[in-house]
Amino acid sequence: MATGTTNSQLEHLQSKYIGTGHADTNKFEWVVNQHRDSYASYVGHHNLVSYFAVAENESVARMKFNFVEKMIQPCGLPIVRDD
């Protein structure tokens, strides 16, 4: 019985939060979600963006812009496979 409850809770979380994946999530989609979550966290934490700005010798606004731009395709184009 506990397995059924656990599976229903997992399905609920997966429908509520996109980044948790689902049964059909492939490796590329998983990595893209991880990268986007990371970039969103960087943009949202000013001290972290300031650290990156000093390390890259860029302004904070430029770093935020770069992170938001990288969220569009953080891992490049998906690999097209013939199945």
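Being a predicted model, the structure only gives us computed values, none of them experimental. (Residues numbered from 1 in each chain as written. Predicted model: local features only at pLDDT ≥ 70, side-chain atom pairs only at ≥ 80, totals over all residues. Heavy atoms only, no water.)

Draft legend 1. Up close: the packing of helix α2 (residues 27-44) against helix α4 (residues 60-70). Orientation of α2 relative to α4, taken along the N-to-C sense of each, is 160 degrees, at an axis distance of 9 Å. The angle between the axes of α2 and α4 places the two elements in the roughly antiparallel class. Pair α2 / α4 crosses with left-handed handedness. On the side of α2, the interface is formed by Tyr39, Tyr42 and Val43, while α4 contributes Lys64, Phe67, Val68 and Lys70. The residue makeup of the contact of α2 with α4, split by class, is five nonpolar, no polar and two charged. (Axes fitted to C-alpha atoms, helices over the stretch in contact; angles between N-to-C directions. Helix = DSSP H or I, 4+ residues; strand = E, 2+ residues; numbered from the N terminus. Parallel < 35°, antiparallel > 145°, perpendicular 65-115°, else oblique. Left-handed = near helix turned anticlockwise from the far one by under 90°. Contact = heavy atoms within 4.5 Å. Nonpolar A, V, L, I, M, F, W, Y, C, P; charged D, E, K, R; others polar.)

Draft legend 2. Fine view of the layout of surface pockets. In this structure, the largest pocket occupies an estimated 210 Å³ of space. Lining the largest pocket, in full, are Asn26, Lys27, Phe28, Pro78, Ile79 and Arg81. (1 Å grid on protein atoms, 1.4 Å probe; cavity = no way out; pocket = protein on both sides within 12 Å on 5 of 7 lines; lining within 4 Å. Points joined across faces, edges and corners; volume = space filled by probe spheres on them.)

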